[in-house]
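# Commentary on secondary and tertiary structure
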Amino acid sequence: MATVSFDKATRVYPGSTKPAVDQLELDVADGEFLVLVGPSGCGKSTSLRMLAGLEDVNGGAIRIGERDVTHLPPKDRDIAMVFQNYALYPHMSVADNMGFALKIAGVNKAEIRKKVEEAAKILDLSEYLDRKPKALSGGQRQRVAMGRAIVREPQVFLMDEPLSNLDAKLRVSTRTQIASLQRRLGITTVYVTHDQVEAMTMGDRVAVLKDGLLQQVDSPRNMYDRPANLFVAGFIGSPAMNLVEVPITDGGVKFGNSVVPVSREALSAATEKGDKTVTVGVRPEHFDLAAEADSAKTLSKDAPAGLAVTVNVVEELGADGFVYGTAEVGGETKELVVRVNGRAVPDKGTKLHVVPRPDELHVFSSSTGERLSN
Ligand SMILES: Nc1ncnc2c1ncn2[C@@H]1O[C@H](COP(=O)(O)OP(=O)(O)OP(=O)(O)O)[C@@H](O)[C@H]1O
Ligand SMILES: [Mg+2]
């Protein structure tokens, strides 16, 4: 087992001036499951390939345990990688696929057989050991690819979107299997995905990348509760957090017909930058319907408190319902998503008056995007 550190690791591809990965600083603990997540092209695979030794590092260093591996060839790094396409050898049986790396390493046949059978047992592949990959389902092939990594007993597992070839249902069950397997084996793992739900459900911690720059590293819970900036706020969570630019008023922000209290620190941080607005973030589950909310101060006696949202689409999911609507905020029409009771959803075309719960409000600088609230 081992720790992994990226120490200002940078990759600039030949012919490009902009780094694909820009001074990445990331420490993965021994036995930890760390997920790298971000949109297409943000540098996830490049980061993983630098760690694997498949990509040159143009600045900074990479360490596995105490060893500086920055310029070591892949075979000397004691890692095992699982790729998106599995890369199984079609002419070899499952057992030979799983044992191939050990054979190359000169391990004797009996030892290889023992390790392959152990791994097959863990992965529920024992009855398929003599089959060729083409006679397996997608999920079984995925497990063979995992098995090939497990038999090598590496210090670190690297996985690049290993579930993306599976259908939606199998992806969900396989992600649970991989996460529990990793916990059982206790092998430090760096896992790449563009799917934030996968990241949040599998990772001990999640690292969000954008344009080659690390945005935040945190536990899934903290990432959800305290996103560090507007990008992370919008990226993590489904349906996404509502982000609305609103004027600053005395002691709070003006949200439709209500003043929602915001911490003095957050407001003064904004005004110090010369901003007249802040961008507030409200998760769909953190709106109260105005009739139920007494905490909001109503500005006008006549108009109902809160923000009027016109209901355009209602998604009924059983326990919950999601209202997709539009609201006028600061002279602009904004799309909003509000979670409602799935047993009492409003009709299309009607209006809801919503008020964000003040203690669940996220406040970001409109000019820099950074988080201002605690
Ligand atoms: N071999 C290469 N030569 C030049 N540029 C490359 C090369 N590989 C990747 N890039 C560029 O580097 C950036 C990061 O690519 P990378 O493959 O790491 O993204 P990613 O986060 O894995 O994306 P995806 O989710 O689509 O797999 C992209 O802008 C990409 O175009
Ligand atoms: Mg990739």
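Since the structure is predicted, the reported quantities are computational estimates derived from the model, not experimental observations. (Residues numbered from 1 in each chain as written. Chains lettered and ligands numbered in written order. Predicted model: local features only at pLDDT ≥ 70, side-chain atom pairs only at ≥ 80, totals over all residues. Heavy atoms only, no water.)

### Digging into the site of ligand 1
The cut-off we apply is this: Nearness is defined per residue: one heavy atom within 4 Å of the molecule or strand is enough. Any pair of N or O atoms that falls within 3.5 Å is considered a polar contact. Within protein, one atom must be able to donate a hydrogen and the other to accept it, and sequence-neighbouring residues count only if both atoms are side-chain atoms. Residue burial considers only the protein chains on display, and all accessible areas are found by Shrake-Rupley using a 1.4 Å probe. Only Asp, Glu, Lys and Arg are considered charged, only Ala, Val, Leu, Ile, Met, Phe, Trp, Tyr, Cys and Pro nonpolar, and every remaining residue, Gly among them, polar.
Around ligand 1 sit Tyr13, Ala20, Pro39, Ser40, Gly41, Cys42, Gly43, Lys44, Ser45, Thr46 and Glu161, and those are all the residues in its vicinity. Residue Tyr13 places a side-chain N or O atom 3.3 Å away from a nitrogen atom belonging to ligand 1. Contacts to ligand 1 include Thr46, whose side-chain N or O atom sits 2.5 Å from an oxygen atom. When ligand 1 is considered free in solution it has 640 Å² of accessible area, and contact with the protein chains removes 54% of it. Here the residues of the shell around ligand 1 sort into 4 nonpolar, 5 polar and 2 charged.

### Describing the confidence of the model for the protein
Heads up, the condition is: Each residue gets a pLDDT score, which is the predictor's confidence in that residue and runs from 0 to 100. Only heavy atoms matter for contacts: two residues are in contact if any of them lie within 4.5 Å across the pair.
Residues with a pLDDT of 70 or more make up 96% of the protein, whose mean pLDDT is 92. The low-confidence segment residues 292-300 (pLDDT under 50) makes 14 contacts with residues lying over four places distant or belonging to another chain.

### So, the packing of aromatic side chains
Heads up, the condition is: Here a Phe, Tyr or Trp ring, Trp counted by its six-membered ring, pairs with any other such ring whose centre lies within 6.5 Å, and the pair is stacked when the planes are under 30 degrees apart, edge-to-face when over 60, and tilted otherwise. Helix and strand definitions here come from DSSP, where helices need a minimum of 4 consecutive H or I residues and strands a minimum of 2 consecutive E residues; each element is numbered from the N-terminal end. We call a residue buried when its accessible area falls under 20% of the maximum for its residue type, exposed when it is over 50%, and partly exposed in between, using a 1.4 Å probe and counting protein chains only. To sit over a ring, a charge needs its Lys NZ or Arg CZ within 6 Å of the ring centre and within 35 degrees of the ring normal.
Applying the stated rule across the entire model yields 4 aromatic pairs. A centroid spacing of 5.5 Å and a plane angle of 40 degrees characterise the contact between Phe33 and Tyr191, whose relative ring orientation is tilted. With Phe33 in strand E3 (residues 33-37) and Tyr191 in strand E8 (residues 188-193), this residue pair connects regions lying 158 residues apart in the sequence. Tyr191 shares its class with Phe33; the two are buried. Taking the ring centre of Tyr224 as reference, the NZ or CZ of Arg283 above it sits at 3.7 Å.

### Observations concerning the environment of Lys273
Along the polypeptide, Lys273 turns up in the loop between helix H9 (264-272) and strand E14 (277-282). By relative accessible area, which is 37% here, Lys273 ends up partly exposed. Each C-alpha atom, one on Lys273 and one on Ser365, is 8.8 Å from the other, the two residues being 92 residues apart in sequence. Lys273 has contacts with Ser365, Ser367, Thr368, Glu370 and Leu372, leaving out every residue within four places of it along the chain. One polar contact links Lys273 to Glu370, side chain to side chain, over a distance of 3.0 Å.

### Description of the pattern of salt bridges
To keep things clear, this is the line we draw: The term salt bridge refers to a pairing of a side-chain nitrogen on Lys or Arg with a carboxyl oxygen on Asp or Glu at a separation within 4 Å.
Using the criterion set out here, one finds 13 salt bridges in the structure. With a shortest N-O distance of 2.5 Å, Arg205 and Glu32 are connected by a salt bridge. Note that Arg205 is positioned in strand E9 (residues 205-210) and Glu32 in the loop between strand E2 (21-28) and E3, a separation of 173 residues in sequence. Glu370 serves as the salt-bridge partner of Lys273, at 3.0 Å between the closest nitrogen and oxygen. Here the residue Lys273 occupies a position in the loop between H9 and E14, and Glu370 occupies one in the segment after strand E21 (362-365), the gap between them amounting to 97 residues. Under the relative-accessibility criterion, Glu370 is labelled partly exposed at 36%.

### Some remarks on unusual backbone geometry
The omega torsion of the bond from Ser238 to Pro239 falls at -5 degrees, within 30 degrees of zero and hence cis. Tracing the sequence through the fold places Pro239 in the loop between helix H8 (230-235) and strand E11 (242-249). Even without being a glycine, Lys8 presents a positive backbone phi close to 50 degrees. Inspection of the secondary structure assignment puts Lys8 in strand E1 (residues 4-11). Although it is not a glycine, Asp211 sits at a positive phi angle of roughly 50 degrees. Relative to the helices and strands, Asp211 resides in the loop between E9 and strand E10 (213-218). Residue classification places Asp211 among the partly exposed residues on the basis of a relative accessible area of 46%.

### Focus on the sheet that holds strand E17 (residues 307-316)
Strand-to-strand pairing in sheets goes through backbone hydrogen bonds, with the strands running parallel or antiparallel. Inclusion rule: Here, any two strands with at least 2 DSSP bridges between them count as paired. To obtain each axis, a line is fitted to C-alpha atoms, and for helices this fit is confined to the stretch in contact; angles are then taken between N-to-C directions over 0 to 180 degrees.
Here 5 strands make up an open sheet; going across it, the order is E15-E20-E17-E18-E19 and the pairing antiparallel. Each end of this open sheet is capped by a strand with a single partner; those strands are strand E15 (287-289) and strand E19 (332-341). Taking each pair of neighbouring strands and ignoring which way they run, the sheet shows an average axis angle of 45 degrees. Direction of pairing for strand E18 (residues 320-329) relative to E19: antiparallel, over a ladder of 10 bridges. Paired with Val323 across the bridge in E19 is Val338.

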